[in-house]
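Residue-level listing of the chains:
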Amino acid sequence: MHKPLRIAAIAAACAVVGAALYGAGAATAGQSTANSTHEPYNIGLLVKDIDTYYGTAPDANGVYQASPTSPYAKDLASIDKAAKKYIDQAARKAVKKGEKPAVVFDIDDTLLLSLDYEKRYNYTYNSATWAAYVNKADRPAVFGSPELVQYAEKKGVEVFYNSGLAEAQRSAAVENLKKVGADINLDADHMFLKNAATPPSYLSGCATPGAWTCTTVQYKSGTRKHIEHDLGYEIIANFGDQYSDLDGGYADRTYKLPNPTYYVG
């Protein structure tokens, strides 16, 4: 996943429950950029706040993990509880209307947690180290998210994945998702990854073979449009840790998961 901006957003983390479920136009509140003469937040204090939020600590193998009793875990539990209630209701309504309900999940920091990478590389991005990290296929789950995937499937909802990971990282993503229990619809018809070499025709407005110019919003909303218009599903819920995972329409409801470690526009 190309992450051009690694901007810690602790303000979003502190208010994540209130921002978890948002409607059109609300995204700007969570992605403002400082543009004043006031001194910015101290980065050392910011990192401490992030560590406190996650309950960050290395495990016996030296891998940085989030605590299951952390504010981060509690925020996720609140989101999951609300999402399950909604999915149950929305799925039944969709079926009654003759629709095929679907949910869409981002992968990075929506299903698979990359906190260890962020800590080890001091919240910076490098394509080579990121690719190596993803290809290890041993990221832990984002608390509760694999269970949410399983829940949707049990309710008769079709599960899709819409990720910024590259096509070359498909096998590693599938392996990792299986390890954490999100082993639902991990085939190419349900997992959409960035394919710059041979992009799909439904992205022809911003991507042609060898020339990818799609923004994250264009890519992800274009894929959701394909799921609805071409594949015939009604996306009742869309889950992501970035506002760019959610913007652009083609989902009845969106859920913003907390991530104060980077920002993808």
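Keep in mind that this is a model prediction, so the values were computed, not measured. (Residues numbered from 1 in each chain as written. Predicted model: local features only at pLDDT ≥ 70, side-chain atom pairs only at ≥ 80, totals over all residues. Heavy atoms only, no water.)

**Some thoughts on helix α7 (residues 145-154)**
For α7, the complete set of buried residues consists of Ser145, Pro146, Leu148, Val149 and Ala152. For α7, the angular spread of buried residues about the axis comes to 160°, placing them on one side. Along its buried surface, α7 packs onto α4 (71-96), β3 (101-105), β4 (158-166), α8 (170-180) and β8 (234-240). Just downstream of α7 lies glycine 156, where phi reads positive at about 80°. (Buried < 20%, exposed > 50% of the residue type's maximum accessible area, 1.4 Å probe, protein only. Helix = DSSP H or I, 4+ residues; strand = E, 2+ residues; numbered from the N terminus. Arc of directions from axis to C-beta. Contact = heavy atoms within 4.5 Å.)

**Some points on the pattern of salt bridges**
Under the counting rule described, the total for this entry stands at ten salt bridges. Between lysine 119 and aspartate 51 there is a salt bridge; the shortest N-O distance is 3.0 Å. A residue pair is termed long-range when its members are at least 10 positions apart, and lysine 119 in helix α5 (residues 115-120) and aspartate 51 in helix α3 (residues 43-54) qualify at 68 residues. Between glutamate 99 and lysine 97 there is a salt bridge, with the nearest N and O atoms lying 3.8 Å from each other. The class for glutamate 99 is partly exposed, based on a relative accessible area of 28%. One network of salt bridges, with partners in common, ties together Asp88, Arg92 and Lys155. (Salt bridge = Lys/Arg side-chain N within 4 Å of Asp/Glu carboxyl O.)

**Here we look at unusual backbone geometry**
With phi around 60°, tyrosine 123 is a residue other than glycine that occupies positive phi space. If you trace the backbone, tyrosine 123 turns up in the loop between α5 and α6 (127-135). Residues other than glycine seldom take positive phi values, yet tyrosine 250 does so here, at roughly 65°. Structurally, tyrosine 250 can be placed in the loop between α10 (243-246) and β9 (254-256). Under the relative-accessibility criterion, tyrosine 250 is labelled partly exposed at 29%.

**What to know about the side chain of asparagine 176**
Within the element layout of this structure, asparagine 176 appears in helix α8. In this structure the side chain of asparagine 176 is engaged in a polar contact, spanning 2.9 Å, whose partner is the backbone nitrogen of arginine 139. Not counting chain neighbours up to four residues away, the residues in contact with asparagine 176 comprise Leu112, Ala137, Asp138 and Arg139. (Polar contact = N/O pair within 3.5 Å; in protein donor to acceptor, adjacent residues only side chain to side chain.)

**Digging into α8**
Among the residues of α8, those classed as buried are Arg170, Ala172, Ala173, Val174, Asn176, Leu177 and Val180. On its buried face, α8 is in contact with α6, α7, β4 and β5 (191-194). Of the residues trailing α8, glycine 181 is marked for its positive phi of about 95°.

**What about the side chain of serine 67?**
Locating serine 67 in the fold gives a position in the loop between β2 (64-65) and α4. Non-local contacts of serine 67, meaning those with residues more than four positions away in its chain, are made with Tyr54, Gly55, Ala73 and Phe143.

**Details of the confidence of the model for the protein**
Here the protein averages 89 in pLDDT, and 87% of its residues register 70 or above. Taken as a whole, residues 1-30 scores under 50 in pLDDT and shows 66 contacts with residues more than four places along the chain or in a different chain. (pLDDT = per-residue confidence, 0-100.)

**Overview of the packing of α3 against α4**
Two elements in contact, α3 and α4, have axes separated by 5 Å at closest approach and are oriented at 55°. As far as their axial angle goes, α4 and α3 are oblique. For the pair α3 and α4, the contacting residues are Thr52, Tyr53 and Tyr54 in the first and Pro71, Tyr72 and Asp75 in the second. For the contact of α3 with α4, the residue count by class is four nonpolar, one polar and one charged. (Axes fitted to C-alpha atoms, helices over the stretch in contact; angles between N-to-C directions. Parallel < 35°, antiparallel > 145°, perpendicular 65-115°, else oblique. Nonpolar A, V, L, I, M, F, W, Y, C, P; charged D, E, K, R; others polar.)

**Re the state of the cysteines**
Applying the stated criterion across every chain, the model contains one disulfide. Residue cysteine 206 pairs covalently with cysteine 214 via a disulfide, S to S 1.9 Å. The disulfide joining cysteine 206 to cysteine 214 has a torsion of about 85° about its S-S bond and is therefore right-handed. A single burial state applies to cysteine 206 and to cysteine 214, both of which are buried. (Disulfide = S-S within 2.5 Å.)

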